[in-house]
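# Residue-level structural notes
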Amino acid sequence: MTVTRFAPSPTGLLHLGHVYAAGFAFQAAKAASGEFLVRLEDIDTTRVRPEYETAIFEDLAWLGLEWQQPVRKQSEHFEDYRSALARLEAMGLLYPCFCTRKEIQAEIAGAGQAPQGPDGPLYPGLCRSKSKAEQEERTAAGQPYALRLDVAKARALAGTDLKWTDRTHGEHEARPEIFGDVVLARKETPTSYHLAVVVDDALQGVTLVTRGEDLLPATHLHRLLQALLVLSVPEWQHHRLITDEHGKRLAKRDQARSLRSLREAGMSAADVWRSVGL
Ligand code: GLU
């Protein structure tokens, strides 16, 4: 059975980009007589607000969508992410990184250049080969750290034959190294977006991950994590992004363009669906 999901973060009001993403996932489920899930990606507890969470459900219901219950909230499942991290740790694929942003920038500036990844310059690997003794000493001293994935090691362990399929964009050879040694968790937060999303999609039985094209590069890394954690591998369908009249993608900070404001300005749900072409 086809299972899709819409996974917003309750850090702002929904805008037309969310409407399109939610409608796209909903339609894909309905077209296959499948299930549509909503998941709250609320691991960033500093930015999440309860009123945004309430607004998400109100807005989706107003749009006429229906979704399976219960809704999974990532903040209630840190144990699941901790155990996935522990598995990667046991495989020797994680290392603590104590670098500050400044130190990383200085290292990159000193080197004169750094390979660019989808989220900016790649981590230059300063902490990759620190001794166990130094790692333990610094963590015991209470220093903040991030847990990074040693992507070369991970890649070697997972093998080279890693592929993934997008219904629109076709078959891809996974290239997780484009992110370098990505951060999978921090001292205070046992997960990152990348880790939580693969754990959740597998636990929730998601078979078709639909989301915006901006996240297409992330799928290279997600496919690697699925291989390492022996998780089920869904199909993907990355869709176009909704942009404003200047061609810029919508962001949560443009509250004036929120679905809320459009509703208050008198738009009906049908008008809203039409405006995103669904
Ligand atoms: N929480 C992500 C977002 O709001 C969606 C991630 C996903 O669909 O994988 O952009």
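Preceding this paragraph is the structure being described.
Please read all numbers here as calculations on a predicted model, not as lab measurements. (Residues numbered from 1 in each chain as written. Predicted model: local features only at pLDDT ≥ 70, side-chain atom pairs only at ≥ 80, totals over all residues. Heavy atoms only, no water.)

With 13 residues, helix α3 (residues 78-90) extends 18 Å between its outermost C-alpha atoms, agreeing within 8% with the 18 Å of an ideal straight helix rising 1.5 Å per residue. Where α3 is buried, its residues contact β3 (72-73), β4 (94-97), β7 (146-149), β10 (183-186), α7 (193-203) and α8 (216-228). Following α3 by one or two positions, Gly 92 has its phi on the positive side, about 75 degrees. (Helix = DSSP H or I, 4+ residues; strand = E, 2+ residues; numbered from the N terminus. Expected span 1.5 Å × (residues − 1). Contact = heavy atoms within 4.5 Å.)

Turning to the side chain of His 238, a few remarks are in order. Here His 238 lies in strand β12 (residues 235-239). A distance of 3.3 Å separates the side chain of His 238 from the side chain of Arg 211, its partner in a polar contact. Here Thr 219 takes part through its side chain, which lies 3.0 Å from a polar atom of the side chain of His 238. Here His 238 is in contact with Trp 164, Asp 166, Thr 168, His 169, Arg 211, Gly 212, Glu 213, Leu 215, Leu 216 and Thr 219, once residues within four sequence places are set aside. (Polar contact = N/O pair within 3.5 Å; in protein donor to acceptor, adjacent residues only side chain to side chain.)

If you trace the backbone, His 222 turns up in helix α8. Residue classification places His 222 among the buried residues on the basis of a relative accessible area of 1%. Setting aside anything within four residues of it in sequence, one finds His 222 in contact with Tyr 193, His 194, Val 197, Val 198 and Arg 211. (Buried < 20%, exposed > 50% of the residue type's maximum accessible area, 1.4 Å probe, protein only.)

Here the focus is the sheet that holds β10. The strands making up a sheet associate through backbone hydrogen bonding, with each pair oriented either parallel or antiparallel. Strand order in this open sheet of three strands is β4-β7-β10, and the pairing throughout is antiparallel. Each of the sheet's edge strands pairs with one partner strand only, and the pair in question is β4 and β10. Averaged over all adjacent pairs, the angle separating strand axes in this sheet is 30 degrees, with direction ignored. For β7 and β10, the ladder comprises three bridges, and the chain directions are antiparallel. (Pairing = 2+ DSSP bridges. Axes fitted to C-alpha atoms, helices over the stretch in contact; angles between N-to-C directions.)

Once that is clear, we can look at the state of the cysteines. The full count for this structure, using the stated rule, is zero disulfides. Looking at Cys 99, it has no disulfide partner, and the nearest cysteine sulfur is the one in Cys 127, 3.7 Å off. When its relative accessible area of 2% is taken as the criterion, Cys 127 is described as buried. (Disulfide = S-S within 2.5 Å.)

With that settled, consider the nonpolar core. Most often, soluble globular proteins keep nonpolar side chains buried together rather than apart. Ranked by internal contacts, the top residues of the largest apolar core, which has 37 residues, are Leu 88, Leu 149, Leu 184 and Leu 195. Considering every element that reaches this core, the biggest residue donor is α8, with six residues. Residues contacting Leu 184, with those up to four places away along its chain left out, are Leu 85, Leu 88, Leu 94, Leu 147, Leu 149, Thr 191, Ser 192, His 194, Leu 195 and Leu 225. Judged by nonpolar contacts, the second largest core, of 27 residues, contains Val 19, Ala 21, Leu 65 and Leu 250. (Core = buried A, V, L, I, M, F, W, Y, C linked by side-chain atoms within 4.5 Å.)

What follows is about the packing of aromatic side chains. With the rule as written, the count across this model stands at six aromatic pairs. Consider the rings of Tyr 20 and Phe 24, whose centres lie 5.9 Å apart with planes at 50 degrees: the pair is tilted. Here Phe 24 and Tyr 20 lie together in helix α1 (residues 16-31), a separation of four residues that amounts to about one turn. In this structure Phe 24 comes out as buried when scored by relative accessible area, which is 16%. Summarising the aromatic geometry, the rings of Trp 164 and Trp 236 are spaced 5.7 Å apart at their centres and angled 70 degrees between planes, so their arrangement reads as edge-to-face. In this pair, Trp 164 sits in strand β8 (residues 163-166) while Trp 236 sits in strand β12, placing the two residues 72 residues apart along the sequence. (Phe/Tyr/Trp six-rings, centres within 6.5 Å; stacked < 30°, edge-to-face > 60°.)

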